[in-house]
Amino acid sequence: MRTKIVMTFIFLVAILCSLLFFAPVGMASSLVSGSFERSLGGGVAKEILNQYGGEYELPIQQRLWVEEVFRRLVECTERKDVEYNLTILNSSAPNAFALPGGYIFLTKGLLRILVNDENKLAAVLGHEIAHVEKRHGINAVFRQMGLTVLLEVGVIWLDLVSADVLRVGSVTLLQLLQLGWGREAEFEADILGQDMAVRAGFDSVGGVSALDSLAEQNKFDLPMKIFRTHPDIKNRRTRLEENMLSYWSKLHAVTENNALKRLELSRISHQNGRTDPNNRFNLKILSGKRGGLELHDLQSDEKTIWLQGFHVKSYNWSPKGKYLAVLGKLDSVSQIWLVDRYGYVIKRWVSSEKLGQINDMSWSLREDMLALDIFKDGKEEIVVTYVHTDVYIPITDDHGGNSSIWHDNYIYFFNNGRWYGRKMPETRAVVIPNPIPRVVERKRILSPTIIEEGNTIRLTSPSLILP
Amino acid sequence: MSSFVLCGVKTVVRVTQNVIVALVLIVLISGVGKASVFVDPTSSYSVKIPNNWVYQAYESDRLLTVFYGEGNPNLLYFEQFIQIPDDTALNFAERTLDLYAGAGGLKEFLFNGDFKHIEVHGQPGVLCVYTYKGNSGKDLWEERIFFRFSEKHAFSITFGGEGKWEERDEDVLKDVLTDWRWLF
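Calculation notes
- Residues numbered from 1 in each chain as written.
- Chains lettered and ligands numbered in written order.
- Predicted model: local features only at pLDDT ≥ 70, side-chain atom pairs only at ≥ 80, totals over all residues.
- Helix = DSSP H or I, 4+ residues; strand = E, 2+ residues; numbered from the N terminus.
- Expected span 1.5 Å × (residues − 1).
- Buried ≥ 20, exposed ≤ 12 C-beta atoms within 10 Å, placed from the backbone.
- Pairing = 2+ DSSP bridges.
- Domains from an automatic or database assignment.
- Contact = placed C-beta atoms within 7 Å.
- Nonpolar A, V, L, I, M, F, W, Y, C, P; charged D, E, K, R; others polar.
- Core = buried A, V, L, I, M, F, W, Y, C linked by C-beta atoms within 7 Å.

### Overview of helix α6 (residues 118–133) of chain A
Because each turn of an α-helix spans 3.6 residues, side chains separated by three or four positions in sequence point in the same direction. Residue and element names in this part refer to chain A. End to end, α6 covers 21 Å across 16 residues, agreeing with the expected 22 Å (1.5 Å per residue, within 8%). For α6, the buried fraction is high: 16 of the 16 residues fall into the buried class. Positive phi shows up at Arg-135, right after α6, with a value of about 55°.

If you want it as structure tokens, here you go:
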């Protein structure tokens, strides 16, 4: 009986060794049990906590928000042998890690850069979770340790964890953590993280805007460690941007009569009904050399000129009146200027070889996206861009089209006498379950100082005063 | 003219003077105590806010409404909750204070140890007082009332300020509660 057991064991180990020897490293590590990954990751997690100043206690409300974003992502994971947990590290250096076994770390410095943007946070956490889902850490450890440990691995698979393998693995893991899991692993984690974020109800733009925020921060601070461990930011950003269209539905032709009538009506109202949704401002396009827009504030009955020098062709208020998109020409170049309700230009889209000639625009109902009707490479196309992030999603996808119209969660466009539509990915706002009351602390009030100069009164720029 | 008549004229003058003084006082008092009615955007409640309290648009949102007292360091705020797990106002209060006292909660949090059951226009609530160290380093106090409505909805009324809670102007919260109206 005993001989039979020993023979079975040797037979199993032999099969496993041959499997591991001929199989790629990725496959080899997938044979490793979740408990080994957890033991390996758990040991290194303690070291990470020591190196990064321990755990940072987020204020309750922020903690509940972060936990809810994380929970929604974890719900979309596929590995059921991993128990994910998130720790915020008390370090101002922006960084994030994932260790085998589901240990996810985010520094408070990185959280600060993500400025309470749930889409950015979901993208970063999704990326880290993806490393665990795809076993990037454990794969890298095996690559580094070489095939000499395969026999040991066979033992691990049989859940007889060797202390030596754990010790060597931990050291290797810590060394590798400084270098990242490799270029291809980073790309794969980006896309998988983006997928996960979309499935969890976040906007796919989060990955791109998070990378932009990091790059922006990198301009002012010393080059950040995260850039050393995550190479090729520009390339990663391009891949994420190109992947965004995949979350929109496929193109479909609109055939139903009622829908067609509705689209025709929307098209007419889009062309003629460019009034302020809040009915406060009346705008008039000024022709002549100076151009601009004459703004009549109906509340104060005052008239002012906006965008002088810009030759306005048309304008379009966002659905709730937060922004005004103005199409016109400056130095004969067609462009769109995005203006807030105070008349400040907050963004410009300029016709270029890359973007094409901008001909028109339409607002998404959420006010965060704008469809640009462009002419590029001899044909009309529509690209969707975001107010706060420079991404361009080619909605017409080389089929060509114009007259973009948004309705509910769809964007429609016109091409060769037919209407086509695409459904945008649905998003859900973060709602904190089991909320508790917020604690409001009085803030200092911004107020100008009044300076009397003879018969005149001058106000300084607002400064902080105590209540 | 008889002294009787003179006496009557004097009496009439004195009464008229008193009436005028009383009217002036009424006008003055009503001016000082003038308040405006605030109805929350979701039409859940209305409250009389004294004139010297200022609505804080940048602190407030759809579910939270904040007012600062002018010339004093106090604040008043009201918050609504769509879904809470607690069955009673007391459970809601206890869970909240546990989190305030725990990791990531309020610095130097000190609960005075008493939950007082009160009723505000037919709705039972739980009132409590606690102190903590604010982000500015100042000693702050809050007097908070927790309500738990049907369908897991909840509400909280808070009166807060600096220094010692015992030295607060008690009339502020008293007046707010007296003129409080639920609109559901």
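The discussion continues.
### A short note on the sheet that holds strand β2 (residues 45–50) of chain B
Residue and element names in this part refer to chain B. Here three strands make up an open sheet; going across it, the order is β1-β2-β11 and the pairing antiparallel. Of all strands in the sheet, those with a lone pairing partner are β1 (35–39) and β11 (181–182), marking the two edges. With two bridges connecting them, β2 and β11 associate as antiparallel partners. Considered in β11, the bridge of Ser-46 is made with Arg-181.

### Describing the domain arrangement of chain A
Residues and elements named next belong to chain A. Taken domain by domain, chain A comprises domain 1 (9–246) and domain 2 (249–423). The partner domain 2 presents seven residues to the seven residues of domain 1 that form the contact. Residues of the side of domain 1 that touches domain 2, tallied by class, amount to four nonpolar, one polar and two charged.

### Concerning the nonpolar core
In terms of nonpolar packing, the biggest core is built from 96 residues, with Leu-106 and Val-326 of chain A touching the most fellow members. The element contributing the most residues to this core is α6 of chain A, with eight residues. When residues of this core are assigned to domains, at least three map to each of domain 1 (9–246) and domain 2 (249–423) of chain A. Among residues more than four places away in sequence, those in contact with Val-326 of chain A are Leu-293, Leu-307, Val-312, Tyr-315, Ile-336, Trp-337 and Val-339 of chain A. Counting 36 residues, the second-largest nonpolar core is a separate cluster that includes Tyr-68, Tyr-77, Tyr-132 and Ala-154 of chain B.

### Regarding the interface of chain A and chain B
With 15 residues of chain A at the interface, the matching set in chain B holds 22 residues. Split into classes, the residues belonging to the side of chain A that touches chain B amount to nine nonpolar, one polar and five charged.

### Quick notes on the environment of Arg-348 of chain A
Residues and elements named next belong to chain A. Looking at the element boundaries, Arg-348 is found in strand β11 (residues 345–350). With 12 C-beta atoms counted inside 10 Å, the residue Arg-348 sits in the exposed group. Expressed as a C-alpha distance, the spacing of Arg-348 and Leu-174, which sit 174 residues apart in the sequence, is 45 Å. Those residues in contact with Arg-348, other than ones at most four positions away along the chain, are Gln-335, Ile-336 and Trp-337.

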